[in-house]
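Residues per chain are reported as follows:
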Amino acid sequence: QVQLVQSGGGLVQAGGSLSLSCTASGSIFSINVMGWYRQAPGQQRELVATITSGGSTNYADSVKGRFTISRDKAKNTVNLQMNSLKPEDTAVYYCNTNYRTTHGAVINAWGQGTQVTVSS
């Protein structure tokens, strides 16, 4: 069993900042990718940012230059620093990891989600 526990989020005014954090634990042999997705009401879940085991990052066009993803490999933790927030960033944010278990299986796991609300 693998768990992803998220923290952070909340309510801010447009132009403000928030940070999200997610820690993975369990029968993890190695983590391939950790990242963040978000889902706004009535919309599909979309990728926000990812970071690979080698440190390569990928961002959605809508957040480039505003969000920064980082990872603490020793703690299996991924963070998302969100600056210059816009009302359209309002969504439930989900942590995700693609990892290999100690038994050799490759699995996607999801965090519980945390609300980010940006007021205009």
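Everything numeric here is computed off the predicted structure, so don't read it as measured data.

## Section: the overall build of the protein
Per the secondary structure count, the protein includes 0 helices and 11 strands. Starting at the N terminus, the α and β elements of the protein follow one another as β-β-β-β-β-β-β-β-β-β-β. Against the globule reference of 14 Å for 120 residues, the protein gives a C-alpha radius of gyration of 14 Å, in line with a compact fold. Counting only C-alpha atoms and orienting by the principal axes, one finds that the protein spans roughly 50 × 25 × 20 Å. Taking all 120 residues of the protein together, the buried fraction comes to 41%. Put simply, of all contacts in the protein between residues at least 6 apart along the chain, 55% involve residues at least 24 apart. When the accessible surface of the protein is split by element, carbon and sulfur atoms take 47% of a total near 6100 Å². For the protein, the separation between the mean place of its 9 positive charges and that of its 5 negative charges on side chains is 9 Å.

## Here's the deal with the pattern of salt bridges
Opposite charge on two side chains makes pairing possible when the charged atoms of those side chains draw close. The full count for this structure, using the stated rule, is 4 salt bridges. Arg38 is the salt-bridge partner of Glu46, the closest N and O atoms lying 2.8 Å from each other. Among the salt bridges present, the one from Asp89 reaches Arg66, with a minimum N-O distance of 2.7 Å. You can see Asp89 sitting in the loop between strand E8 (77-82) and strand E9 (91-101) and its partner Arg66 sitting in the loop between strand E6 (57-59) and strand E7 (67-72), a full 23 residues away along the chain. In terms of burial, Asp89 and Arg66 fall into one category: buried. Each of the salt bridges in this network shares a partner with another, and the network as a whole consists of Arg38, Glu46, Arg66 and Asp89.

## Concerning the packing of aromatic side chains
Considering all chains together, one arrives at 1 aromatic pair under this definition. Ring geometry for Tyr37 against Trp110: centres 5.1 Å apart, planes inclined by 65 degrees, an arrangement best described as edge-to-face. Note that Tyr37 is positioned in strand E4 (residues 28-39) and Trp110 in strand E10 (residues 106-110), a separation of 73 residues in sequence. Between the NZ or CZ atom of Arg45 and the centre of the ring of Trp110, over which it lies, the distance is 4.7 Å.

Calculation criteria
- Residues numbered from 1 in each chain as written.
- Predicted model: local features only at pLDDT ≥ 70, side-chain atom pairs only at ≥ 80, totals over all residues.
- Heavy atoms only, no water.
- Helix = DSSP H or I, 4+ residues; strand = E, 2+ residues; numbered from the N terminus.
- Rg over C-alpha atoms; globule rule 2.2 N^0.38 Å.
- Buried < 20%, exposed > 50% of the residue type's maximum accessible area, 1.4 Å probe, protein only.
- Contact = heavy atoms within 4.5 Å.
- Areas by Shrake-Rupley, 256 points an atom, 1.4 Å probe, with all protein chains shown as cover.
- Lys, Arg positive; Asp, Glu negative; His and termini not counted.
- Charge placed at Lys NZ, Arg CZ, Asp CG, Glu CD.
- Salt bridge = Lys/Arg side-chain N within 4 Å of Asp/Glu carboxyl O.
- Phe/Tyr/Trp six-rings, centres within 6.5 Å; stacked < 30°, edge-to-face > 60°.
- Lys NZ or Arg CZ within 6 Å of the ring centre and 35° of its normal.

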